[in-house]
Amino acid sequence: MFSRFRKKPEARRYLLRVALAMVIYLASLFAAEILIEDQGMSGLPAYLLAALPGISFAAVFWIFARLIIEERDEFLRLLYVRQVMVATGIALTAAAVWGFLETYLPVPHVAAFWWPTIWFFGIGVGAFYNKMTMGSAGECV
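Residues numbered from 1 in each chain as written. Predicted model: local features only at pLDDT ≥ 70, side-chain atom pairs only at ≥ 80, totals over all residues. Heavy atoms only, no water.

A.B. asks: Just to check I follow, could you spell out the overall build of the protein chain for this structure?
C.D. replies: Helix and strand counts for the protein chain come out as five helices and zero strands. Ordered by position from N to C terminus, the α and β elements of the protein chain give α-α-α-α-α. Taken along its principal axes, the extent of the C-alpha atoms in the protein chain is 50 × 40 × 20 Å. Across the protein chain, the fraction of contacts at a sequence separation of at least 24, relative to all contacts at a separation of at least 6, is 71%. Of the roughly 8900 Å² of accessible surface on the protein chain, a fraction of 73% belongs to carbon and sulfur atoms. Positive and negative side-chain charges in the protein chain, numbering 12 and 10 respectively, have mean positions lying 14 Å apart. (Helix = DSSP H or I, 4+ residues; strand = E, 2+ residues; numbered from the N terminus. Contact = heavy atoms within 4.5 Å. Areas by Shrake-Rupley, 256 points an atom, 1.4 Å probe, with all protein chains shown as cover. Lys, Arg positive; Asp, Glu negative; His and termini not counted. Charge placed at Lys NZ, Arg CZ, Asp CG, Glu CD.)

In C-alpha cells form, the structure reads like this:
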C-alpha cells in the first residue's frame, strides 16, 4: 500500500501537507499551553496563538479537498468524496444532537474543537464504509 504513495504525486503532496499541518498544530498547541496557560500571555499575541491550533486543524479540511481536486483517478476521487460525506454527516449530526441536549437538558458542555475531531474520526468510518461497500478504502487511508 505505501509503495503506491511513493508513485502518486497527489498522494505524496497529501501526506506532506497533513504532516506539516499536524506539526504546526502540535507545536502551536504546546506553545499555547506553556505561554498562555502557564505563563499568562495575554492580548493580541495570545489570541493569535490560541487561534493557531484551530487554523492548522482546519487546514486539514482544505488538504483533503485538495486531494479530491488533484486526484486523477475518478474511482479514488469518488471514494474520497464518500469519506467526506460520511465524516460530515457524523460530525454535524453529533454537533446538532449534542447542541439540543445542551439546550434542553443538564448535560456537560462540549468544547467546539471536538466537532472537527469527530469529523476526522468520521473519515476513518467513511474509509471503512467504502471498503465494505466498494471493495476499497482508497490510497490515502
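A.B. asks: Is there a simple way to explain the packing of aromatic side chains in this structure?
C.D. replies: In this description, a pair of aromatic rings is defined by centroid distance and the angle of the planes. Across all of its chains, the model carries ten aromatic pairs by this definition. On the numbers, 6.0 Å between centres and 85° between planes, the contact of Tyr14 with Phe64 is edge-to-face. Taken as a pair, Tyr14 in helix 2 (residues 9–38) and Phe64 in helix 3 (residues 43–70) lie far apart in primary sequence, 50 residues in all. The two residues Tyr14 and Phe64 agree in class, both being buried. By relative accessible area, Phe64 is classed as buried at 3%. Among the aromatic residues, those joined into a cluster by ring pairs are Tyr14, Tyr25, Phe57, Phe61, Phe64, Tyr80, Trp119 and Phe120. (Phe/Tyr/Trp six-rings, centres within 6.5 Å; stacked < 30°, edge-to-face > 60°. Buried < 20%, exposed > 50% of the residue type's maximum accessible area, 1.4 Å probe, protein only.)

A.B. asks: Teacher, can you tell me more about the environment of Ala95 here?
C.D. replies: Examined against the element boundaries, Ala95 turns out to sit in helix 4 (residues 74–104). Residue Ala95 is classed as partly exposed on the basis of its relative accessible area, which comes to 25%.

A.B. asks: Just to check I follow, could you spell out helix 5 (residues 114–134) for this structure?
C.D. replies: In this model, helix 5 (21 residues) spans 29 Å end to end at C-alpha, consistent with the 30 Å of a helix rising 1.5 Å per residue. Within the sequence span of helix 5, burial applies to Trp115, Pro116, Trp119, Gly122, Ile123, Gly126, Ala127 and Asn130. The arc enclosing the buried residues of helix 5, seen along the axis, measures out at 155°, which places them on a common side. Relative to its buried face, helix 5 has exposed residues pointing more than 90 degrees away, namely Phe121, Phe128 and Met132. Its buried side turned inward, helix 5 meets helix 3 and helix 4. Following helix 5 by one or two positions, Gly135 adopts a phi angle in the positive range, close to 85°. (Expected span 1.5 Å × (residues − 1). Arc of directions from axis to C-beta.)

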